[in-house]
Every structure is written in structure tokens, then in C-alpha cells.
Protein chains: 2
Amino acid sequence: MKVVITGGGGFIGRKLAERILAQGSLTGPSGQQEAVTELVLFDAVAPPDELLSDDRVSAAIGDITDGDLVASVIDASTNSVFHLAAVVSAGAEADFDLGYRVNLDGTRNVLEAARAATGTPRVVFASSAAAYGGDVPETVLDGTPITPETSYGAQKVIGEYLITDYSRKGFIDGRAMRLPTIVVRPGKPNKAASGFASGIVREPLNGVAMACPVTPESRMAIMSPRTVVDCFIHMHDLDAEKLGASRALLLSGFSVSMGDTAKAVRDIPSNRAKGEITFDIDPATQAIVDGWPKTTLSERAAALGFPSDDNIKDVIAAYIEDELD
Amino acid sequence: MKVVITGGGGFIGRKLAERILAQGSLTGPSGQQEAVTELVLFDAVAPPDELLSDDRVSAAIGDITDGDLVASVIDASTNSVFHLAAVVSAGAEADFDLGYRVNLDGTRNVLEAARAATGTPRVVFASSAAAYGGDVPETVLDGTPITPETSYGAQKVIGEYLITDYSRKGFIDGRAMRLPTIVVRPGKPNKAASGFASGIVREPLNGVAMACPVTPESRMAIMSPRTVVDCFIHMHDLDAEKLGASRALLLSGFSVSMGDTAKAVRDIPSNRAKGEITFDIDPATQAIVDGWPKTTLSERAAALGFPSDDNIKDVIAAYIEDELD
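Computed from a prediction, not measured in an experiment: that's the story for all the values here.

Tallying the contact residues gives 18 residues for chain B and 18 residues for chain A. It is helix α6 (residues 151–168) of chain B that contributes the most residues to the side of chain B that touches chain A, seven residues altogether. Looking at the side of chain B that touches chain A residue by residue, the classes come out as nine nonpolar, five polar and four charged.

Here's what the structure looks like:
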């Protein structure tokens, strides 16, 4: 079967590709596990060489706003699409038009291409807990009203409604998951407002000092890269009937304070000298983070067998194992 | 001030135009009532001559999916837009692509044109109780989850999120209202699944027999044309701060059964012979109507001073006064 990952050059896209290649199969058109014979990584940037060295993998480098290109990549023979490509939160806020082009028009290109496929492709869409904003409760539940207060959040919510409507019409077999903040992201710090939540682990373990821009008491809803990849695979393979009419699902993110995260980093055994963690409050970042959910808790996801994490120590240990050792 | 009504050739658009012309003013850029000096009715069809005979009125006839045309009608000098143009429920369900072109791309054209205006136009968007579907409670309240189960409903909900996001960015001063079923619509029966709810009043009063396709026990959430026009004006003139972060508001529709409606039609005094009302159940229509809310009840709308109707007799009497006498 042929699988396409949009945003396949990004961090989660690459992790997901590695997992699919390692397990070798996904639920296919037969409803049974079928061998993945073709995995296309679609992104504006090239995927790493180690992924491309696998015979099953090819890269499609280009712009998701180019409908013809998207249709040539997600072609008639495509069985499954993981749609992760997006302009991130801060980017969509800084450039309104770019955000709508990529996150809305790009998503419509993906859906139209999947609709044109010979079969009825499974399409798994990465939505976001940015669907919740404003007077958001400390714990976001399945029934919490959808009130995005960023353009990114609005674009993700619109994508969910499109996924549900295209699925209802039988054009695709779509599913959307609202992701909590994914921690720990490797690599360089990015401009996302949530970037510090990874940086507070990553930088000290790299021997670099880290100034956390929010208070030690500040809490966030967290999921690890390993678990979110598990969730993507689980969502793909799920019988969509179990989702009911709405194809969008909240994922559970456990709550951790930045103070507890700092302590866990300091406590974890390491051969290397760790960078120091200080708290240097940036009022703008603090205000943004104060408006985010502290926990996301989906009984629906749990009942459907979706995994979640439950403590920061295990998340840090997995990061060391996956990215540093 | 310059006001544009999209869908200005339709039934509610025309009623709204008449009201604006009669009262002569709306809240303008000053925050005070200002004279409406220019009222443009934008539609695929020409408005009636009696509206065009008013010096303040002009018609723009064309396609809302034509972005250049929309930008030329909603030009830099535009102060207010009422965006009513849409492919209706059954139409958007029958032609998926047309529905998205008109109801989503058309709405984006309107928002982009308003964004490009010199000031910050007020944009009042006609959304719909079709935002609610599936396992919808008998009484839809302000907090009821948004679960459209038609493409029309999905498109309206997406429009609401766009209205809120464009407003949050300060590009427009937008507001959206979720309309219950509007009864009594004059003119010929249309293909909307809800058409019988007007037909059961209109046809007998025209001396024509009416076969109602749903049971006498079937109930719907109803608002009269007079009241919905009041709501459009009230929403336009409202200080948007009062709406809070979400610019979308449910309107209250009272509940009436088709049996009680039939009785009210038979009882109301009339000089003319009335057509007979029978009940000839169409299972497909019955199934659709059974999935609709029986009542929509918005405490938020009431607190903000939005009017609502409360009985079918008054609605019928108003119809006779406005459309027949």
C-alpha cells in the first residue's frame, strides 16, 4: 500500500515514518494489516538521508499550496495520508495570509487529492489543543467548547470540520486528533511560544544554560513524541465507526509544572555536565501560557485505546534514549 | 454610510433592505447612528424594482465566488456588510463543490474585501442552526456542541470561525448569528427540507391544498421574518465587546408542532377559502426533521436584547399583514 506523510520532513513526520518503516504495515483497504510498499515524505524540506536510503521511501519536495503538485503526490493509488504539514502557531499569527494558504488551502488540496484517489484513503489529520482558547478550563475535556483564539487554532478547527464533512460524504475516511504540546522536541530552539517546554529539558542536557520564560508554577498539558506517534498509528488503524459522526478526537496530555520539569532534569542521572536552569519571566510568554489548558483529558480517547503519558521523568528518559544516546 | 447586503435579492435580504431604508440609519463608524446613504444589494438575481426605485439603492448582480467582483462591490468606502448569500442546505448537499465555492470561498471573498476597506467594516454573517446535528438535544442551548451533519452546516460553522478570527485580528468587526428555521417564507415552495414549515401556512392561505410530509407531532424551532430582521439590525448595532471572544451567537427559536400549526392556520380568520391540510408522511423528510432541534434557546441572546417569537398565531398574523393584505 502507498502512504503519504505531509510534513514528512518535520520532527513528528520523521518519527512517524521511522515507526511505519519499522513495523512495515498499516491497516489497508482490505481492513487488515497490509505491507507498506511505498512511503512518500512530502515537505518543503528534504527528509534525512537515512530515511531515503530505505527502498520504500521517496521524497516529494514542494509547496502544499500547489494543488497540482499535491494531486501528483497524493495520486489515484494512494491508500493513506498523514497530514501534518502546517505553518505553526506563531508563524500563522505573524503571517495571517500564509497561515490560511498553508493550513486551510493546503489542507483542502490534500482532501481534494485524497477524494480523487481510486479507493477511499484514510486521512489522519494533526489538529491541535490550540482549538481551545480564552476562558479555557484548567482541564480540557471531550465536551469543552471549541474556542480557538489564534489563527492557527481556527485553521486546525476548520480542518477538523472539513475532515468530518468529507468523511460523511464518503470521499475519504478521515480522522483528526487534537495534539497537546509535544515534549521533548530535539534540535534548535524554534519560535513557537511553547518552545521553552522542550528547551528546559533539551538545553541543560546539551550542557547549555536555559532561562525559562515562565514561572516554576506554570503548568502545561504534555505528550511525548513516542506517544504521539503511537496515537497516529492507532488513529490510522482504528475502525472509524468507533469515532461516531465527529471524526475529531482530543488526545490526553498530562499536566506538569516547569518547576517539576526543572527538578526532573536536574535529578536525572547523566554522564555529562548539565546546563543551569533559571527562571527569567517574559510577561508576554507568561500571558500566552496562562491561557493554555493545564491538562487535556479525553475519556473518549482512553476508551478507544489511545495511549497517553503520565510523568515527566519517563518522558525525559525516553528523550535521552531516542535522541541523545 | 455605505451598506452592502449579499443575498440582497433573497427573501430575508429584501426584508432587511426594506427595514434599513425605512429606518434610514445604522450604527456607523462613529459608534452613533448614521444615515445610510448607499445600500448595495449584491445577488445573482436582480432585486425587485420597488427597492431599486429608492435613490439610495443600487444592485450588483453577479457571482460571489468572483473575488474581483466582490472586492469592487465591497470597496474601500464600505462601512457595513450583511452577508446572507449562500447555497441553501439541500443545494449544498446535492452539489458539494458548489456549496464550498459559494459558502466557503464566497465568504472568504467577502471577508477579504471587508478587510481591505479603509475602516473596519461591521460584517453580520447569517449562520444557521444547521450547526447542530446528529444526537442533538431537543433544546439546543448556548453550550450545545457544534456538530454539523450537512455540508451547509459545516460551511456555516467554518464561516463563524473565520468571522471570529478576522475580528480578533482587527481586520473586520464581525458578528455571526445562528438562525432557526424562518417561517413563513412567501412565494413558491423551494427544495429546502424545511420548506413544508412555511408551506403549511402559505399554501392553505393561498387556497391551495397542502400535504405536510411529517407527522402532526413533529416540532421545529421557528423564528419569523420580522424577528430575524430585527435580530440582524440589533446584531449590527451591538457593541461587539458584549459578544466576548466568540463572535457567534445562537438565536432563540420557539417550538411548534406541525399539528398545532395546522390548527392555527385553520382557526385564523380569513375572507378567503383555505386549502385543506393533510399529513402524508415522507419517511426521508421525517428522518431529517427528527434530527433537528425542537427548540433553540439562547440565554446569551436574550441577555443581549435579541428579540424572539413565542407563538405560531402571531407569526401567521404577521405573515398575513406583511405578505397578503
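Alright, that's what it looks like, and here's the rest.
Counting residues in each nonpolar core, the largest one holds 192 residues, and the members touching the most others are A:Ile200 and B:Ile200. Discounting chain neighbours no more than four positions away, the residues touching A:Ile200 are A:Met210, A:Cys212, A:Met258, A:Thr261, A:Ala262, A:Val265 and A:Ile277.

A few words now on the sheet that holds strand β9 (residues 173–179) of chain A. Either a parallel or an antiparallel arrangement is found when strands of a sheet pair, and the pairing is made through backbone hydrogen bonds. All names here are of chain A. With respect to topology, seven strands assemble into an open sheet ordered β5-β4-β1-β6-β7-β9-β13, the strand pairing being parallel. The two strands at the open ends of the sheet, each matched to only one other strand, are β5 (57–61) and β13 (248–250). Averaged over all adjacent pairs, the angle separating strand axes in this sheet is 20°, with direction ignored. Two strands pair when backbone bridges link them, and strand β1 (residues 2–6) and strand β6 (residues 78–83) are joined in this way by five bridges, in the parallel orientation.

All right, on to the environment of B:Met177 then. All names here are of chain B. Summarising the element assignment, Met177 is placed in strand β9 (residues 173–179). Using a count of 23 C-beta atoms within 10 Å as the deciding quantity, one classes Met177 as buried. In this structure, the C-alpha to C-alpha distance between Met177 and Leu26, residues 151 residues apart in sequence, is 18 Å. If sequence neighbours within four positions are ignored, Met177 has contacts with Ala126, Ser127, Cys231, Met235, Leu249 and Leu251.

A few words on the relation of the copies chain B and chain A. When chain B is fitted to chain A, the best match, at an RMSD of 0.0 Å, comes from turning it 180° and sliding it 0.0 Å along the axis. The transformation just described matches what one would write down for a two-fold rotation axis. Ranked by how close their C-alpha atoms come to the rotation axis, the residues of chain B are headed by B:Ile158, at 2.8 Å. A share of 100% of the interface residues of chain B reappears at the interface of chain A, consistent with the copies meeting face to face through the same patch.

Residues and elements named next belong to chain A. Parsing chain A into structural domains produces domain 1 (2–182 + 222–250) and domain 2 (195–221 + 255–294 + 310–324). Between domain 1 and domain 2, the C-alpha centre-to-centre distance is 27 Å. With 13 residues of domain 1 in contact, the opposing surface of domain 2 contributes nine residues. A breakdown of the residues in the side of domain 1 that touches domain 2 according to their chemical character gives six nonpolar, five polar and two charged.

This part takes up the packing of helix α9 (residues 258–267) of chain A against helix α12 (residues 312–324) of chain A. Residue and element names in this part refer to chain A. The contact between α9 and α12 brings their axes to 10 Å, and the two run at 50°. As the angle between them shows, α9 and α12 are arranged oblique. α12 is crossed by α9, and the crossing has right-handed handedness. Where α9 approaches α12, its residues Asp260, Thr261, Ala264 and Val265 are matched on the opposing element by Ile312, Lys313 and Ile316.

Reading the values: rules and limits
Residues numbered from 1 in each chain as written. Chains lettered and ligands numbered in written order. Predicted model: local features only at pLDDT ≥ 70, side-chain atom pairs only at ≥ 80, totals over all residues. Contact = placed C-beta atoms within 7 Å. Helix = DSSP H or I, 4+ residues; strand = E, 2+ residues; numbered from the N terminus. Nonpolar A, V, L, I, M, F, W, Y, C, P; charged D, E, K, R; others polar. Core = buried A, V, L, I, M, F, W, Y, C linked by C-beta atoms within 7 Å. Buried ≥ 20, exposed ≤ 12 C-beta atoms within 10 Å, placed from the backbone. Pairing = 2+ DSSP bridges. Axes fitted to C-alpha atoms, helices over the stretch in contact; angles between N-to-C directions. Least-squares fit on C-alpha atoms with pLDDT ≥ 70 in both. Domains from an automatic or database assignment. Parallel < 35°, antiparallel > 145°, perpendicular 65-115°, else oblique. Left-handed = near helix turned anticlockwise from the far one by under 90°.

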